[in-house]
Amino acid sequence: MATAGTGGAALDPGGGAAHLQPSALVTWWTILRTSIEERLVYRGDFALGTLMRFLPLVTQVFFWGAIFDALGAVSATSTVAGYTNNEIIAYYLLTQISRAFSSMPNLSNSIALQIRNGEIKKFLVQPVDLIGFLLVSRVAHKLVYYLVAVGPFALVFFLCRGFFSGWPEPHIMLAFLLSLVMSFLIGFFLEATFGMIGFWWLEVSSLLFVYMLLNFFFSGHMFPIDMLPGWWGTIVRAVPLQYLAYFPAAVFLGKIQGTALAWGLLYQLFWVVFFVVLCRWTFNRGVQHYSGYGG
Amino acid sequence: MNHDASTAAASPRVRPSYLKVFLMFARNSLVRNMMFRGNFIIECVTSLSWMAMNLAFYMLVFGYAESLGGWTKYQFLVFLSTTLFVNSLVQAFFMPNAEEFSELIRTGNLDFALLKPIDTQFLISLNKVDWSALSNFFFGGALLVYSLARLEQQPGLIQMVLYPIYVVCGVAIFYSLMIALASTSVWLGRNQALYEFWFYITNFSRYPMEIYRGTIGSPLRTFFTFVVPLLVVVNVPARLMAKPLDAQSWPLAIFALAAAIASVWASRMIFNRAMLSYRSASS
Amino acid sequence: MAIIEIEGLAKSYRVYQKQEGLLASVRGLFHRTYREVSAVRGIDLKVDAGEFVAFLGPNGAGKTTTLKLLSGVISPSGGTARVMGFVPWKRENAYRRRFALVMGQKNQLWWDLPAQESFRLHQQIYGIEPAQFDRRRDELVDLLQVRPLLGQPVRELSLGERMKMELIAALLHSPEVLFLDEPTIGLDVVAQHSIQSFLRHYQQIQKVTVLLTSHYMKDVAALCRRVVIIAHGQIMYDGSLSGIVDKFSGHKIITLVFPGDAVPGGLSRFGDVLEEQGPKVKLKVDRNGIAEALAVILAQHTVDDVSVEDPPLEEVIAEVFSLANEQAEAVVARP
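Rules and cut-offs
- Counting of residues starts from 1 at the beginning of each chain's written sequence and follows it residue by residue.
- Following the order in which they are written, the chains are lettered starting with A and the ligands numbered starting with 1.
- Totals for whole chains, interfaces and linings use every residue, but because this is a predicted model, local features are given only for residues with pLDDT of at least 70 and side-chain atom pairs only at 80 or more, for both listing and counting.
- Each helix is a run of DSSP H or I of at least 4 residues and each strand a run of E of at least 2, with the numbering of both proceeding from the N terminus.
- Burial is judged by counting other C-beta atoms within 10 Å of a residue's own C-beta: 20 or more means buried, 12 or fewer means exposed, and anything between counts as partly exposed, with every C-beta placed from the backbone.
- We call two residues in contact if the C-beta atoms placed from their backbones are at most 7 Å apart.
- Angular values range over 0 to 180 degrees, each being the angle between N-to-C directions of two axes fitted as lines to C-alpha atoms, with helices fitted over their stretch in contact.
- Working definition: roughly parallel below 35 degrees, roughly antiparallel above 145 degrees, roughly perpendicular at 65 to 115 degrees, and oblique for all remaining angles.
- Each helix crossing is assigned a hand: it is left-handed if the near helix lies turned anticlockwise from the far helix by less than a right angle, otherwise right-handed if that turn is clockwise.
- Any residue outside Ala, Val, Leu, Ile, Met, Phe, Trp, Tyr, Cys, Pro, Asp, Glu, Lys and Arg is labelled polar, Gly included; the first ten of those are nonpolar and the last four are charged.
- A pair of strands counts as paired when DSSP detects no fewer than two bridges linking them.
- Segment limits for the domains were obtained from an automatic or database-derived domain assignment.
- A set of buried residues qualifies as a nonpolar core if it consists of Ala, Val, Leu, Ile, Met, Phe, Trp, Tyr and Cys joined through C-beta atoms within 7 Å.
- To estimate the expected span of a helix, subtract one from its residue number and multiply by 1.5 Å.

### Some words on the overall build of chain B
If you tally the helices and strands in chain B, you get 14 helices and 2 strands. Counting only C-alpha atoms, chain B reaches 75 × 40 × 35 Å along its principal axes. Looking at chain B residue by residue over its 283 residues, the buried ones come to 41%. Partitioning the contacts of chain B with sequence separation of at least 6, the portion at a separation of at least 24 is 83%.

The following block contains the structure:
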């Protein structure tokens, strides 16, 4: 166990940026380790929590089963917006994966909080990039989460393998993985930008409420965007929210193919760049504004 | 001062009026909610928006299919309004208290509640009221009126009278589950996952019980009707209102009443047991 | 007639052992290791009606646990206790109506509302007659001089003011027994003093039985004659404050003032030199050797002034505490 630290310098797990060590790897490992330990103290929670996320799926399976039953009684073809019963359940399972990548719990709030109580100053004074630091620690959090969640996830997917019609072709798989990484980036930079608003406006949480609401409905978390009629669908696809849940899932299921797939990925890349730039810009403007107050 | 020890022994021991105490709780909570008016409004808007989105989703789904487990669109909307009634009542009167109860146990600050000469369960279950949660109650009311008008067969007087009674039974069952879960904080430490657990579990009750069929569905339905009577909470009153009365309605209705009473009794047992094991905090 | 009777009261807890390191944490998921911690190890105590008793002891001594046992907040692992004839942990409403517990730095009043709203809630819960309630409240508010603060939200009050409100809330229902757990902790000197004088006055007039815990000796000295020293879950002393010195301290302090500016040497053979700043010197001398030491010193030197005093009470008490800790560690260290 690397407790003595391969970097040689003394470690301070709780120190944050003020004690950022020469070896980023060592810091990484410490963050990882303490996050895991912290989560393991209340073991009752830990065991239940990860598995719990899949409970609503059971209801959904029955819900859609009933819908397709009613459909099947009327017509021979049982699809809802091109999804069969199995496909729609597979869709929901896959959105759990895409959301495992794109959801950033508490990111905006903690940034806004740090701004509000002045903790942000230590980042402004020291040669540590706030956004970079946040990104690294968020990656660490995610890794911990995946480490811990891979068990329950694997179990659920194994039990639900009947809903899937086999593995997708290699190039689809690649596109899927690519879109997952990009949705992590979009999720991170989008929510970080929200947090930056804390430089001007204290009540970021109210804005966040609105965002969460829209996110839930329009990201594909609640239902496949394909279900939206006519120009509703077009509008929603123009907006980047679809990448947070819908897009990777739809790619995996082969709902987006060929040139549409290529364009989709390209458009996703565009949004990644957009939010990276936006985040950096709001941060810089925010810092200027903040320093103007004599902090 | 004109007080001495003998007067203390002789003065009449007045039993607190539980109703008056509750009214004070309600009043104090309202004052508090109004102090943070911005928050209050946001909470109302949030819960209404949430509901509106769910409604939009169901409308979308009914655009593709005629019925859900035998419930047509407007029948399902009656079901949905019943969900709103039950959930908003639970969220207004019991949710904030259950959360705080769990936290008080964890931090060992429950002491003060145990010192008062009033039933502890009453005190911790009702001392806060979240008035903003009632916004959904009114939304449910509007939805109910809207959908009742469009039903093929309107409910009769008996059903109208029984409906609120069964809504209350549903609230009682949810409350019992909530308080029982919160009480387990005494043995299990921090209960965060238990709270998420609560939301996921009640997720089962938000659809008509008919959707649970098949090799897994049927036993699930039986379990959540007769062992942990979650499905009874919304289904019984909703079915009374939305569907024509038939011979089948009554056994379940009678069972629902019994289930409500049994749930409350069971939760009280668990609560009392938890209070005996309470450890307080080291200071 | 004893209003509080405690016999062999004991309370122990199981504490979950947290292991260091990742692997151990994972193992902790499946198999917890426990440790038994004894907070109270057999206490015997009798308190008569109208007494003001202080529990003095270091942190972790078991003072607060004892009060919680007597309030019925927790139940014991062993032993018995009766307060006004009631068994506290049965939590009977008749009992709860007749006592009050106030804990320092812990707040039971509604945070965002003015104290007077909390008082009104108290009135309802305790079922106090309106006329009696108004009278009590006014008396207490005036005694503690907090009338202008009644309408302010509790969160806006200072720590001392909040404590006063807590006291009022506790006394509104005229309890016969009052348990106070470190009521002046964290307060500034003025607030401490003000609360101490209130408690003294109140207790004298109302003749309530008061049990107060503290690790501040000043609280104790200001308020009561009977002191119970609790350390490591057991009672080490029960008697008057002055008696503590007699029992626990083996020394006295001789202060000598010599003519001129110099202090003669060789005084260290009589005892430890605590302070030496010419012309004054302080010696710590064994009790039994005082007369002899004085005789010799006075015979050998000319002295302008001499005084013999007990060591400061705080020091003695601190020694008692550390003695208790050593004994406790010895017990734990034994296999």
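Having seen the structure, we can now continue with the description.
### As for the overall build of chain C
What chain C contains, in helices and strands, is 11 helices and 13 strands. Projected onto the principal axes, the alpha-carbon positions of chain C cover approximately 75 × 60 × 45 Å. For chain C, the residues scored as buried account for 40% of the 335 residues in total. Look at the contacts in chain C between residues 6 or more apart in sequence, and 71% of them connect residues 24 or more apart.

### What about the packing of helix α4 (residues 115–126) of chain C against helix α6 (residues 159–171) of chain C?
For any two helices packed against each other, one specifies the crossing angle of their axes together with the interaxial distance. Residue and element names in this part refer to chain C. Running from amino to carboxyl end, α4 crosses α6 at an angle of 15°, the nearest separation of the two axes being 10 Å. In this view, α4 runs roughly parallel relative to α6, as classed from their interaxial angle. For α4 against α6, the interelement crossing comes out right-handed. Of the residues in α6, those in contact with Ala115, Ser118, Phe119 and His122 of α4 are Met165, Ile168 and Ala169. Counted by class, the contact of α4 with α6 contains 5 nonpolar, 2 polar and no charged residues.

### Looking at the sheet that holds strand β2 (residues 34–48) of chain C
All names here are of chain C. As summarised here, the arrangement of the 3 strands in space is β2-β1-β4, forming an open sheet in which the pairing is antiparallel. Looking along the sheet, the strands with just one partner apiece sit at the ends: β2 and β4 (78–83). Strand after strand, the sheet turns through a mean of 25° between neighbouring axes, direction not considered. Here strand β1 (residues 2–16) runs beside β4; their pairing, made up of 5 bridges, is antiparallel. Note that in β4 the partner of Ala10 across the bridge is Gly78. Along the sheet, helix α2 (residues 63–71) contacts β1, β2 and β4; its crossing angle with β2, the most-contacted strand, is approximately 70°.

### Brief notes about the interface of chain B and chain C
On the chain C side, the residues contacting the 30 residues of chain B number 33 residues. Contributions of two or more residues to the side of chain B that touches chain C are made by α1 (5–10), α2 (18–35) and α6 (111–115) of chain B. A per-element tally of the side of chain B that touches chain C places α2(B) first, with 7 residues. Split into classes, the residues belonging to the side of chain B that touches chain C amount to 16 nonpolar, 6 polar and 8 charged.

### Details of the environment of Ser165(A)
Checked against the element boundaries, Ser165(A) lands in the loop between α7 (130–159) and α8 (170–196). In this structure the C-alpha to C-alpha distance between Ser165(A) and Leu253(A), which are 88 residues apart in sequence, comes to 8.8 Å.

### Digging into the sheet that holds strand β13 (residues 305–309) of chain C
Residues and elements named next belong to chain C. With antiparallel pairing, 4 strands are arranged side by side in an open sheet as β11-β12-β10-β13. Among the strands making up the open sheet, the edge pair consists of β11 (272–277) and β13. Averaged over all pairs of adjacent strands, the angle between their axes in this sheet comes to 15°, without regard to strand direction. Contacts from helix α10 (residues 290–300) reach β10 (251–257), β12 (280–286) and β13 within the one sheet, and its direction differs from that of β10 by about 15°.

### Description of the pairing of strand β7 (residues 209–214) of chain C
Residues and elements named next belong to chain C. Buried residues dominate β7, accounting for 6 of its 6 residues. With burial as the criterion, each face of β7 is covered, one bearing Thr209, Leu211 and Thr213 and the other bearing Val210, Leu212 and Ser214. When strand β3 (residues 52–56) meets β7, the two strands line up parallel, connected through 5 bridges. Bridge pairing in β7 places Leu56 opposite Ser214. For strand β6 (residues 177–181) and β7, the ladder comprises 5 bridges, and the chain directions are parallel. Residue pairing for β7: Leu178 is matched across the bridge by Val210.

### Comments concerning the domain arrangement of chain C
Assigned domains within chain C: domain 1 (2–246) and domain 2 (250–309). Distance between the C-alpha centres of domain 1 of chain C and domain 2 of chain C: 44 Å.

### Description of the nonpolar core
Burial of nonpolar side chains together is a common tendency in soluble globular proteins. One finds Ile186(A), Met178(B), Ala54(C) and Ile168(C) to be the most contacted residues of the largest nonpolar core, which totals 215 residues. With 14 residues, helix α9 (residues 157–183) of chain B is the single largest residue contributor to this core. Apart from the residues lying within four places of it in its own chain, the contact partners of Met178(B) are Phe94(B), Ala98(B) and Trp198(B). In terms of nonpolar packing, the next biggest core, distinct from the first, is built from 5 residues, Ile253(C), Leu256(C), Leu283(C) and Val285(C) among them.

### What about α6(C)?
Residue and element names in this part refer to chain C. With 13 residues, α6 should cover 18 Å at 1.5 Å per step; its first-to-last C-alpha distance of 19 Å lies within 8% of that length. Of the positions making up α6, those classed as buried are Arg162, Met163, Lys164, Met165, Glu166, Leu167, Ile168, Ala169, Ala170 and Leu171. Contacts from the buried residues of α6 go to β5 (99–103), α4, α5 (130–144) and α7 (189–206).

### Description of the environment of Ala222(C)
Residue and element names in this part refer to chain C. Examined against the element boundaries, Ala222 turns out to sit in helix α8 (residues 217–223). Taking the C-beta count within 10 Å as the criterion, Ala222 has 17 such neighbours and is therefore assigned partly exposed. For the pair Ala222 and Gly278, spaced 56 residues apart in sequence, the C-alpha to C-alpha distance is 34 Å. Apart from the residues lying within four places of it in its own chain, the contact partners of Ala222 are Gln196 and Arg200.

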